[in-house]
Amino acid sequence: MIHRERFSRREFLLLSSASSLAMAQGVTTRDLKPQRRGKASGLPFLAKFTDVAEQAGLVHPVIYGGVHNKTYILETVGCGVAFLDYDNDGWLDIFVLCGTRIDGPVPGATNRLYKNNRDGTFTDVTEKAGLVRTGWASAVTVADYDNNGFDDIFITYYGQNVLYRNNGDGTFTDVTRKAGLLYDGPTRWGSGCTFVDYDRDGNLDLFVANYVDLQMERIPKPGANPFCNFHGVGVNCGPKGLPMPRNYLYRNQGDGTFRDVTSESGIAKADRTYSMTAVAADFGNTGWSDIYVASDSTPSLFFKNGRNGTFVEEGHQSGVALSDDGKEQAGMGIAVGDYNLDGKLDIFKTHFLDDTSVLYRNDGDTGFSDVTTASGIGVETRYIGWGAGFADFDNNGLLDLAVVTGSVYPEVEAPFPKYPLKTPRYLFRNLGDGKFEQLIEEAGRGIADAHCSRGCAFGDFDNDGDVDMVIINLNEPPSLLRNDVSSESKWLKVLLVGTKSNRSAIGSRVLARYGGKVQAQAVMAQSSFYSVNDRRLHFGLGANLRADLEVHWTNGLVERFANIECNQLVTITEGRGLVKSALSGLQKKTSSQT
Amino acid sequence: MANGQADQATKLMQQGKFHEAEMVLRNLAAQHPRDASVHSILGAALAQQGELVSAVREYRASLALDAHQPSVEVLLGMSEFKQGHFREAVTALKIAKAALPTDARSTLLLGMSYFGLHQYKDAVPYLQSASKADPGNVELRGVLAQGCLWSHQFDCAMAEFRGILAVNPDATQAHMLLAQALDAMGKTDEAIEELDATASSSPSEPLVHFELGYLFYKKDDYDKAILELRREIKNNPGYAQSYLYLGDIALKQDDVATAEPLLKKAIALESDLRGAYLDLGVIYAQRSKNTAALDAFKRAVKLDPTQPDAHYRLGRLYTALGQKENARLEFDKTKSLHSKAEDSLIEKVSGNASDAPK
């Protein structure tokens, strides 16, 4: 009676390709179940995170779209956050981006600059600094683009992007027009952005990604078609099915202005992408900065620096465009670090739920290998991952990973409680054998508590010798996770100051050698999700009391410093040597204990 | 047509003496080569004898002489259908259907021809009409139900399968296809229940354990999947896909030693299983058996060049081997296939945005 097809649909499902992924929704996912968890290591984790945002004074909510419903994708993506030292006092300040609402601005919805009071609290100095601005802010990149000794800020928007010049007196000036970055065409949706000195002329250039060519009047409403649905619930549409914009590169002309070199640099050739976070670093150990862009539901982009003012997009060739099985993933956030201590920068990228994040091991000349499963990263598929970072949270000499998460479909939570809006953060503790172990509750309530998070930044805000986190939560105040490490493990912080290279040393790379190991770290102007980390590189040293440092400056100079003592900050000025200093936070902690 | 000979041929046809009728009609056709009716009746005589190629030739000769013969189009369509020439059948039957909109034969044959072409969405309306006209035809309902299932009209599929089962509760394959429909609707657990019941009542039924194994595979419940797929192999040792899925599970569990012989067995049974070549390519590449890996990935590409994954893996292998130009070609194909899919989506979603509810 029944006619059976020669090829049953079973084979079709088994072998479904990227083009037939779970796309009855706007975001690509591989519909993966988590890999089986191995036996717990049983090792104690000696770093604990506590959310101290409220007591620290980070109390203003990050307004971003509707709370219970999100009609447009614009409301869902959220924004980034930066750790920066805008006043050069040696203490990290915090710059928090903010959005608005479709039906009009909410009072107090502005980006905010919080000045570090050096006692665990912050003061909101937004107005005084001249940084009040309401709009759909996306990403931030921070560096001293004019080499005047103070960090400047560039922000992407749905709408006009903004460049703020740091005046050095606690205030900023909007120099977007003066810098040649004003744009009067159809509205763009700026996404990832990063300062990068791609031509090694000592001036920081600017890479600016765009997410979706979003024409609000043409975008279908939730539920309008199968791609605006999630498990049968009508949700905001996109990015799949919406037109793709392109990315831009602006060359710093050294006189405070930028020139659009998108076409001549080759960046324009890669125009099939929904770009999100952008990172610039020397992935090939060539001495030249490449750019890697996490792309949502499209192949991620790897712009290899051609060392002649041009880039060639080689994501596929390098093995970082797709998953190991050749499938597109919903790239959101990026972490860069040397997890396996081989002196090369590896890449971690976050994705949508029902998919794993990906860990790409840098194999040198042959590109990268997807080691997601081999490393144990594949155990987590429940949450939508956003900001992420490599950091040695327990200072044991191995880089761990942190990921913040949150849904994009608040409407789905009621009919499907298994897809909540607010979800926990999680860590992957590095076990040192190429494998990671997921930790949630074990890392403290600050990690386990559920929020709808997006960008996050990593840095030592209290100067106590460990890596803390600040996290954007949509329609809530940010989280400030103070890390308290209970071990005696040692550490070393390195701050680079360029002279011939750009002053912020963006693009420089440091190799730290300790206990027979070598770890690479890069100075970057954006990573995680649309965010900026503490520019002081933090190396956990385990039980080692000393480390040797090898600095590969952006402009090509290599300097070596031997036997640097642990538990201090060293400031290295290009070609001029090294200045050691104790961290004032640690001193205070010590004195208060005695 | 000469009346005497024509009458004789008709009488012979009525008596079931088709060969004799054919002889008379061939004689007539030689005398009256431009008589359309001689060719059509000759075609019918030939068709009755199973000489479908010759029958089609005569029907076409008749239609060339007189294009307006819908009943001959039906006969032509039927002969084409019986030969598996579904596209040609559809062409003839659509002409017939336009002239004879209520003709039951052309409706049924059109539905079946589209089904044969795997154009299930096109088949369903004709099959629904035919089934409505012949409600007791359970076999036709079975075809309709599958047409609904494979064109993703799940409500229709469920209704038809349940209708069949109301008449014949022991229709094992209907239970199995109902499970497929449930699974396709995202009700995988209900599908498993349906199949569990079927497997209990008909444990030897071919493919029932495979279907269960597949659903457990899909849920990443590999232990249960392995159990069911092994049961299927015991019942049905010649079904290649059981080995393919077992091999794929073993590979997912990093058990390459188990995976490889299973995948090879799958290919030995069915030489065009793309997934088996892809998995074998992965295994060979891991072991640095680069020539074998290249062969396997190339075979996977050849079996379905529209899937980007095999192109990507081939490109990565070429990269590892330093064959940059070959790698570039494969990556270009990967990108092009992804772009094509994305463009199609943009057209579907944004191209019709003006129709979206405001």
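Residues numbered from 1 in each chain as written. Chains lettered and ligands numbered in written order. Predicted model: local features only at pLDDT ≥ 70, side-chain atom pairs only at ≥ 80, totals over all residues.

**So, the overall build of chain A**
The test is simple: Secondary structure elements follow DSSP: runs of H or I no shorter than four residues count as helices, runs of E no shorter than two count as strands, and numbering proceeds from the N terminus. Remark: C-beta atoms are placed from the backbone, and a residue is labelled buried if 20 or more other C-beta atoms sit within 10 Å of its own, exposed if 12 or fewer do, or partly exposed between those counts. We call two residues in contact when their backbone-placed C-beta atoms lie within 7 Å.
Along chain A, the regular secondary structure elements total 7 helices and 40 strands. A principal-axis box enclosing the C-alpha atoms of chain A has dimensions of 85 × 55 × 50 Å. Split into buried and exposed, the 594 residues of chain A put 62% on the buried side. In chain A, once contacts between residues fewer than 6 apart in sequence are set aside, the share between residues at least 24 apart is 62%.

**Notes on the overall build of chain B**
Threshold: It is over C-alpha atoms that the radius of gyration is taken, and the globule rule equals 2.2 Å times the number of residues to the power 0.38.
For chain B, the count of helices and strands is 20 helices and 0 strands. Whereas a compact globule of 358 residues would reach a radius of gyration of roughly 21 Å, chain B reaches 27 Å, over 25% beyond that. Each of the three principal axes of chain B carries a C-alpha extent, and together these read 80 × 55 × 55 Å. Per-residue burial for chain B yields a buried fraction of 46% across its 358 residues. For chain B, the share of sequence-separated contacts (at least 6 apart) that also reach a separation of at least 24 residues comes to 37%.

**Describing the packing of helix 16 (residues 256–269) of chain B against helix 17 (residues 274–286) of chain B**
Packed helices, taken two at a time, are described by the angle between their axes plus the distance between the axes. Residue and element names in this part refer to chain B. Which entries qualify depends on this criterion: Working convention: axes come from line fits to C-alpha atoms, limited for helices to the stretch in contact. Angles between N-to-C directions cover 0 to 180 degrees. Helix crossings are classified by the rotation of the near helix relative to the far one: an anticlockwise turn of less than a right angle makes the crossing left-handed, while a clockwise turn makes it right-handed. The nonpolar class holds Ala, Val, Leu, Ile, Met, Phe, Trp, Tyr, Cys and Pro. Asp, Glu, Lys and Arg form the charged class, and all remaining residues, Gly among them, are polar.
Packing of helix 16 against helix 17 brings their axes to within 9 Å, and their N-to-C directions diverge by 145 degrees. Every pair of crossing elements has a handedness; the one defined by helix 16 and helix 17 is left-handed. The residues of helix 17 that touch helix 16, namely those facing Val256, Ala259, Glu260, Leu263, Ala266 and Ile267, are Ala276, Asp279, Leu280, Ile283 and Gln286. Grouping the constituent residues of the contact of helix 16 with helix 17 by class yields 8 nonpolar, 1 polar and 2 charged.

**Brief notes about the nonpolar core**
Applicable threshold: Throughout this description, the term nonpolar core refers to a group of buried Ala, Val, Leu, Ile, Met, Phe, Trp, Tyr and Cys residues whose C-beta atoms join them within 7 Å.
With 188 residues, the main nonpolar core has Val81(A), Ile94(A), Val140(A), Val336(A) and Leu401(A) as its most contacted residues. In this view, Ile94(A) contacts Leu58(A), Val81(A), Phe83(A), Tyr114(A), Phe122(A) and Val470(A); residues no more than four positions away in its chain are not counted.

**Thoughts on the interface of chain B and chain A**
Between chain B and chain A, the contact holds 42 residues from the first and 37 residues from the second. When residues of the side of chain B that touches chain A are traced back to their parent elements, those giving at least two are helix 9 (138–150), helix 11 (172–184), helix 15 (240–252), helix 17, helix 19 (308–320) and helix 20 (324–349) of chain B. In terms of residue count, helix 20 of chain B provides more of the side of chain B that touches chain A than any other element does, 13 residues in total. Along the lines of polarity and charge, the residues of the side of chain B that touches chain A split into 20 nonpolar, 12 polar and 10 charged.

**Observations concerning unusual backbone geometry**
Excluding glycine, residues mostly carry a negative phi; peptide bonds, for their part, are mostly trans. Look at the link from Gly238(A) to Pro239(A): it is a cis peptide, with omega at 0 degrees. A positive phi angle is found at Ser297(A), which is not glycine, with a value near 60 degrees. The residue Ser297(A) is located in the loop between strand 17 (290–295) and strand 18 (301–305) in this model. A positive phi angle, near 60 degrees, is found at Asp254(B), a position not held by glycine. Mapped onto the fold, Asp254(B) is located in the loop between helix 15 and helix 16.

**What about the sheet that holds strand 35 (residues 517–522) of chain A?**
Residues and elements named next belong to chain A. Counted only if it meets this: The pairing criterion for strands is at least two bridges between them, as found by DSSP.
Strand order across the open sheet formed by 4 strands is 35-34-37-38, with antiparallel pairing between neighbours. Edge positions in the sheet fall to strand 35 and strand 38 (558–565), since each of these pairs with one other strand and no more. This sheet shows a mean twist of 20 degrees between the axes of neighbouring strands, independent of strand direction. The pairing of strand 34 (residues 509–514) with strand 35 spans 6 bridges and is classified as antiparallel. Bridge pairing links Ala512 to Gln519 in strand 35.

**Thoughts on the confidence of the model for chain A**
Caution applies to low-pLDDT parts of the model: their predicted coordinates are not meant to be read in detail. Residue and element names in this part refer to chain A. The condition is simple: On a range of 0 to 100, pLDDT expresses the predictor's confidence in each residue.
Here chain A averages 93 in pLDDT, while 94% of its residues score no lower than 70. Confidence drops under pLDDT 50 across residues 1–23; counting only partners more than four residues distant or on other chains, this segment forms 46 contacts. Residue range residues 588–594 is modelled with pLDDT below 50. Its contacts to residues more than four positions away, or to other chains, number 1 contact.

**What about the environment of Ser200(B)?**
All names here are of chain B. Along the chain, Ser200 turns up in helix 12 (residues 188–201). Judged by local crowding, Ser200 falls into the exposed class, with 9 C-beta atoms found within 10 Å. Considered as a pair, Ser200 and Tyr239 are 39 residues apart in the sequence and their alpha carbons are 20 Å apart.

**Some words on the confidence of the model for chain B**
Residues and elements named next belong to chain B. Looking at chain B, the pLDDT average stands at 91 and 97% of residues meet or exceed 70. With pLDDT under 50 throughout, residues 352–358 is counted as low confidence; its partners more than four residues away or in other chains account for 8 contacts. Across the whole predicted complex the pTM is 0.83, and at the interface the ipTM reaches 0.87.

**Looking at the sheet that holds strand 24 (residues 385–391) of chain A**
Residue and element names in this part refer to chain A. Spatially, 4 strands are ordered 24-25-27-28 in an open sheet, and the strand pairing comes out antiparallel. Only two strands of the sheet have a single partner each, and these edge strands are strand 24 and strand 28 (436–439). Looking at each pair of strands side by side, their axes are set apart by 20 degrees on average, direction ignored. Of the strand pairs in this sheet, strand 27 (residues 426–430) and strand 28 are connected by 4 bridges, and their pairing is antiparallel. Considered in strand 28, the bridge of Leu427 is made with Leu439.

**Topic: the environment of Leu131(A)**
As for its placement among the helices and strands, Leu131(A) is situated in the loop between helix 3 (126–129) and strand 6 (136–143). We classify Leu131(A) as buried; it has 21 C-beta atoms within 10 Å.

**Quick look at the packing of helix 13 (residues 208–218) of chain B against helix 14 (residues 222–235) of chain B**
Residues and elements named next belong to chain B. Heads up, the condition is: By definition in this entry, angles of less than 35 degrees are roughly parallel, angles greater than 145 are roughly antiparallel, angles of 65 to 115 are roughly perpendicular, and the rest are oblique.
Between helix 13 and helix 14, the least distance of the axes is 7 Å, while the angle of their chain directions is 160 degrees. Here helix 13 lies roughly antiparallel to helix 14, going by the angle between them. In the crossing of helix 13 with helix 14, the sense of the turn from one axis to the other is left-handed. Contacts between helix 13 and helix 14 pair His209, Phe210, Leu212, Gly213, Phe216 and Tyr217 from the former with Tyr222, Lys224, Ala225, Glu228, Leu229, Arg231, Glu232 and Asn235 from the latter. For the contact of helix 13 with helix 14, a count of residues per class yields 7 nonpolar, 3 polar and 4 charged.

**As for helix 4 (residues 52–65) of chain B**
Residue and element names in this part refer to chain B. Heads up, the condition is: In a helix, the anticipated span is given by 1.5 Å times the number of residues less one. Each direction from the helix axis to a C-beta atom contributes to the arc, which is the arc of those directions.
Taking 1.5 Å per residue, 14 residues should reach 20 Å; helix 4 reaches 20 Å between its end C-alpha atoms and fits that length. The set of residues buried in helix 4 consists of Ala55, Val56, Glu58, Tyr59, Ser62 and Leu63. Along the axis of helix 4, the buried residues cluster in a sector spanning 165 degrees; they form a single face. Residues Val53 and Ala64 are exposed on helix 4 and point more than 90 degrees away from its buried face. Structurally, helix 4 contributes buried residues whose contacts are with helix 3 (36–48) and helix 5 (70–82).

**Things to note about the environment of Gln173(B)**
Residues and elements named next belong to chain B. Secondary-structure assignment places Gln173 in helix 11. Judged by the 21 C-beta atoms lying within 10 Å of it, Gln173 falls in the buried class. Distance from Gln173 to Gln49, taken between C-alpha atoms, is 34 Å for residues 124 residues apart in sequence.

**Overview of helix 12 of chain B**
All names here are of chain B. Relative to the 20 Å expected for 14 residues at 1.5 Å per residue, helix 12 spans 20 Å between its end C-alpha atoms, a close match to the ideal helical length. Regarding helix 12, the residues found buried are Ala191, Ile192, Glu194, Leu195, Thr198 and Ala199. One face of helix 12 carries all of its buried residues, which in axial projection span an arc of 160 degrees. Residues of helix 12 that are exposed and point over 90 degrees away from its buried face: Asp189, Ala197 and Ser200.

**A few points about the pairing of strand 32 (residues 479–485) of chain A**
Residue and element names in this part refer to chain A. Of all 7 residues in strand 32, 6 are buried; the element is thus mostly enclosed. Here 5 bridges tie strand 1 (residues 47–51) to strand 32, and the two strands are oriented antiparallel to one another. Bridging across to strand 32, Lys48 finds its partner in Asp484. As paired elements, strand 31 (residues 468–473) and strand 32 share 3 bridges and run antiparallel to each other. Across the sheet, the residue bridging to Met469 is Leu481, located in strand 32. Following strand 31, the chain reverses through 5 residues before pairing antiparallel with strand 32; Asn475 in that reversal takes a positive phi of roughly 60 degrees.

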